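The residues making up each chain are set out below.
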Amino acid sequence: MTASEHLVQVHPDVVDTELDGAETVLLHLQSKVYFSLNATGTHIWQELKRGSSLAAISRHLQETFDVDAAHADTSVLALMDDLERQGLVVRTPASGPAGG
Amino acid sequence: MRRILMELTDRCNLRCRHCFQQRHAGNGDLPLGIIEGVLRDAAACSVNHVSFTGGEPTLHREFVRILDLCVEANCSFSFVSNGSTFRRVYRSLLARRQWFSGVTFSVDGAREATHDQLRGEGSYRQVLRAASICNFTGLPFTLNMVLTRENRMEMDALVDLAVSLGSGGVRFGFLMPGDGVDTAALALTLSERRVVESEVRRLQQMAEIPVVMAPGYYSESPFFPCGPLELEELNIDWRGRLTLCCQVSGYWSEAQRPDVIANLHDMSLVDADAMFRRRVATYLADKRNRLDRGEFRDADHFPCAYCVDYLGTTHQLSFYRSPDIPGRM
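Because the structure is a prediction, the values reported are computed rather than measured.

Caption draft 1: Highlighting the overall build of chain A. If you tally the helices and strands in chain A, you get three helices and five strands. Reading the helices (α) and strands (β) of chain A from amino to carboxyl end gives β-β-β-β-α-α-α-β. A burial count over chain A gives 36% of its 100 residues as buried. Counting contacts in chain A only where the partners sit at least 6 residues apart, residues at least 24 apart contribute 48% of the total. When the accessible surface of chain A is totalled, it reaches about 5200 Å², and 49% of it is carbon and sulfur.

What follows is the structure, given as C-alpha cells:
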C-alpha cells in the first residue's frame, strides 16, 4: 500500500457532522461546499481523525466489513484521492525511520 | 391568522457579548402547564403558528413534548437557535416535518473569527454543523445576524455564506442595549444604522435569497410595520407572561418591566389577549397624541427606541439619547 508512506490528516478548515453513525456531511469552510460520506467513508473518516495510518485504516476496514486486503486498500486509497482533490485532507510525507 | 412568540427558556449554553446578562445566568423554563393552556386557546385567538425563542429554546427540558403539543393544537412551529444542540433535536423535527416551518440560526459573522469573537470559541463550527444537517436532511433554515461594529463589514459575505449553505434567507437585526451587553464596543450609532439599512436594501436587490430586516429599523412612518402593534403577534416570556413584544423583552430589569401585560398563571390566553388588544389601542392613541403635540423626534422613527422611551425611562435610555456614546443620532 504505497499511500501508507504518507500521513493523511483532516484539513483544519473542514467541519464534519456525523449523522446516526451511518453518514457524514463535510463542509469546507473556504469553498463552502458540502460533501457526504457513506457508512464506509464515515468509518474511514473517523479513523483518519484518530490519526490512524492508511495501512491501519485498511486493516480496520478488513476486520469491520469482512473484505480482503486488496479491496480495502483500493477503497481507502480511492477515497483519499477524492478527499485530497477536494481539499478535505492534506497528505504529508511520513518521516523516515530514525537513525542511520 | 396570528402567531405566538414563545420564550421557552432563559437558559443558554453560550455567553454572547451582545446578549442580556440575565440570560448568562438563566435558570428558568416556561412551565409546561402554561404552554398547554396557551396552545389549548390558540385557535380561539386565531393563532396557527408558534415561534420558539429563548435563551436557547431547544434546552427546554420538554422541548419534544412541546412540539407535540403544537401538532395537537394544529399549529405549525419554528424556532431560533445557536445550533449547538441541533444534532440532538433534528430527528424530532424530521418526524414532525409537516408542522415544522424552519429554524433560524444565529450567525454573527461570515468569518469564523468574527462569529466566535462575539459568541464564543467553537460556536461558528457548531452552527455550521447544524446548517449541514439541515442541508443534508432537507429541513428548512435561515440565518440571522445581529449587526454590530465587529461584523457590519461582513454583510455581503454573510449573504454569500447563506447561499452556499442552502439557507432560505438572511435576516439582519440591530443589537438591543441592556444590562451586560457590551454596548459601547458593539452598538452602531443611529446614524450608522441608517447606513447599514441602505446596505441591506442593496442586498435585497442583489441577493439570490430573501434578505430582510428585523423590526427596529428606521421607519419614515410613525406607524411602522410591527407584528404586535398590528395584533398579529403575541409574545410570551419564559415566566409565563404576555408582554408587548419580544424585541424589548429582557431590556428592563425584573423590577421594572413596563412591557408586561398579563400573567398567564392567573388568566387564560383569551383573557390576556383582550388586555393585549386594549393595551395596543392605548399605545396607538398615545402615539397619535404625541404626534399631534409635535413631540415625535427623529430618534422615534426607530421603533425600538420609541418603545423604550414610551414604556419607561431608565438609565439605559441614554443609549438612544446621549451624544457621547453609540446610539446617538
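Caption draft 2: Highlighting the nonpolar core. Counting 86 residues, the largest nonpolar core has Phe52, Phe86, Phe105 and Phe172 of chain B as the members making the most contacts within it. Looking at this core element by element, the count peaks at seven residues for helix 6 (residues 123-137) of chain B. Listed in part, the 17 residues of the second largest apolar core include Leu54, Ile57, Leu61 and Met80 of chain A.

Caption draft 3: Spatial organisation of the interface of chain B and chain A. Counting residues at the interface gives 16 residues for chain B, matched by 16 residues for chain A. In total, about 1500 Å² of surface goes out of reach between chain B and chain A, with carbon and sulfur atoms giving 60% of it. At the surface where chain B touches chain A, the tally comes to three salt bridges. Linking aspartate 16 of chain A and arginine 129 of chain B is a salt bridge whose minimum nitrogen-to-oxygen distance equals 3.6 Å. Taken together, the connections running from chain B to chain A amount to six residue pairs in polar contact (both at pLDDT 80 or more). Contributions of two or more residues to the side of chain B that touches chain A are made by helix 4 (86-95), helix 6 and helix 7 (155-165) of chain B. Its residues assigned to classes, the side of chain B that touches chain A comprises eight nonpolar, three polar and five charged.

What counts and what doesn't
Residues numbered from 1 in each chain as written. Chains lettered and ligands numbered in written order. Predicted model: local features only at pLDDT ≥ 70, side-chain atom pairs only at ≥ 80, totals over all residues. Heavy atoms only, no water. Helix = DSSP H or I, 4+ residues; strand = E, 2+ residues; numbered from the N terminus. Buried < 20%, exposed > 50% of the residue type's maximum accessible area, 1.4 Å probe, protein only. Contact = heavy atoms within 4.5 Å. Areas by Shrake-Rupley, 256 points an atom, 1.4 Å probe, with all protein chains shown as cover. Core = buried A, V, L, I, M, F, W, Y, C linked by side-chain atoms within 4.5 Å. Buried area = accessible area lost by both parts, 1.4 Å probe. Salt bridge = Lys/Arg side-chain N within 4 Å of Asp/Glu carboxyl O. Polar contact = N/O pair within 3.5 Å; in protein donor to acceptor, adjacent residues only side chain to side chain. Nonpolar A, V, L, I, M, F, W, Y, C, P; charged D, E, K, R; others polar.

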